[in-house]
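# Geometric and topological summary
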Amino acid sequence: MSKIAVVYWSGTGNTEAMAAMVAAGAKEAGAEATLFTSGEFGPDCMDSFDAIAFGCPSMGAEQLEETEFEPMFSSCEAKLSGKKIGLFGSYGWGDGEWMRNWEDTCRGDGALLVGEGVICNEAPDAEAEAACQALGKSLA
């Protein structure tokens, strides 16, 4: 059984809802999925999981949340090489540039992205819910 970590930061609850759907998809595919807030996860956790889904909304000028999520993610970057990774997050403006930049960072670190990052404008709709569940299944 695959062990999947779903690590997220959420300010409004939208990305938290997406995280729950990613975890549900992984469980549906037979994996063991554990939810973590970004404050509960760090590089010492990376080796305990077969795959990791990271979720963070777009903040400010289309960037990762800078106080808690980005420092945690940066501390984990050295352990991304060869690891199955999925990315997700919500946004309220822009065109998803933060997700494209985040994907490029992960590829540059040698991560094995399981597909394109899942993004949704504001609260996840039925399409985003299905995409999150599919992401979880892909990680499993």
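The paragraphs below set out a description of the structure included in this document. No experiment lies behind these values; they were computed from the predicted model shown. (Residues numbered from 1 in each chain as written. Predicted model: local features only at pLDDT ≥ 70, side-chain atom pairs only at ≥ 80, totals over all residues. Heavy atoms only, no water.)

### Quick notes on the packing of helix H1 (residues 14–28) against helix H4 (residues 126–139)
- As a packed pair, H1 and H4 sit with axes 6 Å apart at the nearest point and diverge in direction by 45°. Our classification of the angle between H1 and H4 gives oblique. The chirality of how H1 crosses H4 is right-handed. Side by side, H1 and H4 meet where Met 18, Met 21, Val 22, Gly 25, Ala 26 and Glu 28 of the first sit next to Glu 129, Cys 132, Gln 133, Leu 135, Gly 136, Lys 137 and Leu 139 of the second.
- Of the residues assigned to the contact of H1 with H4, the class counts are 7 nonpolar, 3 polar and 3 charged. (Axes fitted to C-alpha atoms, helices over the stretch in contact; angles between N-to-C directions. Helix = DSSP H or I, 4+ residues; strand = E, 2+ residues; numbered from the N terminus. Parallel < 35°, antiparallel > 145°, perpendicular 65-115°, else oblique. Left-handed = near helix turned anticlockwise from the far one by under 90°. Contact = heavy atoms within 4.5 Å. Nonpolar A, V, L, I, M, F, W, Y, C, P; charged D, E, K, R; others polar.)

### As for H1
- If you check H1, its first and last C-alpha atoms are 21 Å apart, about what 15 residues at 1.5 Å a residue would give, namely 21 Å.
- All buried positions along H1 are accounted for by Asn 14, Thr 15, Met 18, Ala 19, Met 21, Val 22, Ala 23, Gly 25 and Ala 26.
- Contacts made by the buried residues of H1 are with strand S1 (3–8), strand S2 (32–37), strand S3 (51–55), strand S4 (84–91), strand S6 (118–121) and H4.
- Positive phi appears at Gly 30, one or two residues downstream of H1, with a value of about 95°. (Expected span 1.5 Å × (residues − 1). Buried < 20%, exposed > 50% of the residue type's maximum accessible area, 1.4 Å probe, protein only.)

### Some thoughts on the pattern of salt bridges
- The tally for this structure, following the rule as stated, stands at 4 salt bridges.
- With its nearest N and O atoms 2.9 Å apart, the salt bridge here joins Lys 137 to Glu 28. Of this pair, Lys 137 sits in helix H4 while Glu 28 sits in helix H1; the two residues are 109 residues apart in sequence, bridging distant segments of the chain.
- By relative accessible area, which is 38% here, Lys 137 ends up partly exposed.
- Residue classification places Glu 28 among the exposed positions, given a relative accessible area of 55%.
- Of the charged contacts, one joins Asp 47 and Lys 79 as a salt bridge, the two residues approaching to 2.9 Å between their closest N and O atoms. Residue Asp 47 is located in the loop between S2 and S3, and its partner Lys 79 is located in the loop between helix H2 (69–76) and S4; the two are separated by 32 residues in the primary sequence.
- A relative accessible area of 61% means that Asp 47 is categorised as exposed. (Salt bridge = Lys/Arg side-chain N within 4 Å of Asp/Glu carboxyl O.)

### Brief notes about H4
- The end-to-end C-alpha distance of H4, which contains 14 residues, comes to 20 Å, matching closely the 20 Å that a straight helix rising 1.5 Å per residue would cover.
- For H4, the full list of buried residues reads Ala 128, Cys 132, Leu 135, Gly 136 and Leu 139. All buried residues of H4 fall inside an arc of 95° around its axis, so they share one side. Among the exposed residues of H4, those oriented more than 90 degrees off its buried face are Ala 126 and Glu 127.
- Lining the buried residues of H4 we find S1, H1, S3, S4 and S6. (Arc of directions from axis to C-beta.)

### Re the packing of aromatic side chains
- Enumeration over the complete set of coordinates arrives at 10 aromatic pairs.
- An angle of 90° between the planes, with centres 5.5 Å apart, marks the rings of Phe 69 and Trp 102 as edge-to-face. With a gap of 33 residues between them, Phe 69 in helix H2 and Trp 102 in helix H3 (residues 97–108) connect regions that are remote in the sequence. Each member of the pair Phe 69 and Trp 102 is classed as buried.
- These aromatic residues form a ring-pair network of at least three members: Phe 36, Phe 41, Phe 49, Phe 54, Phe 69, Phe 73 and Trp 102.
- Directly above the ring of Phe 49 sits Lys 3, whose terminal nitrogen or CZ lies 5.4 Å from the centroid. (Phe/Tyr/Trp six-rings, centres within 6.5 Å; stacked < 30°, edge-to-face > 60°. Lys NZ or Arg CZ within 6 Å of the ring centre and 35° of its normal.)

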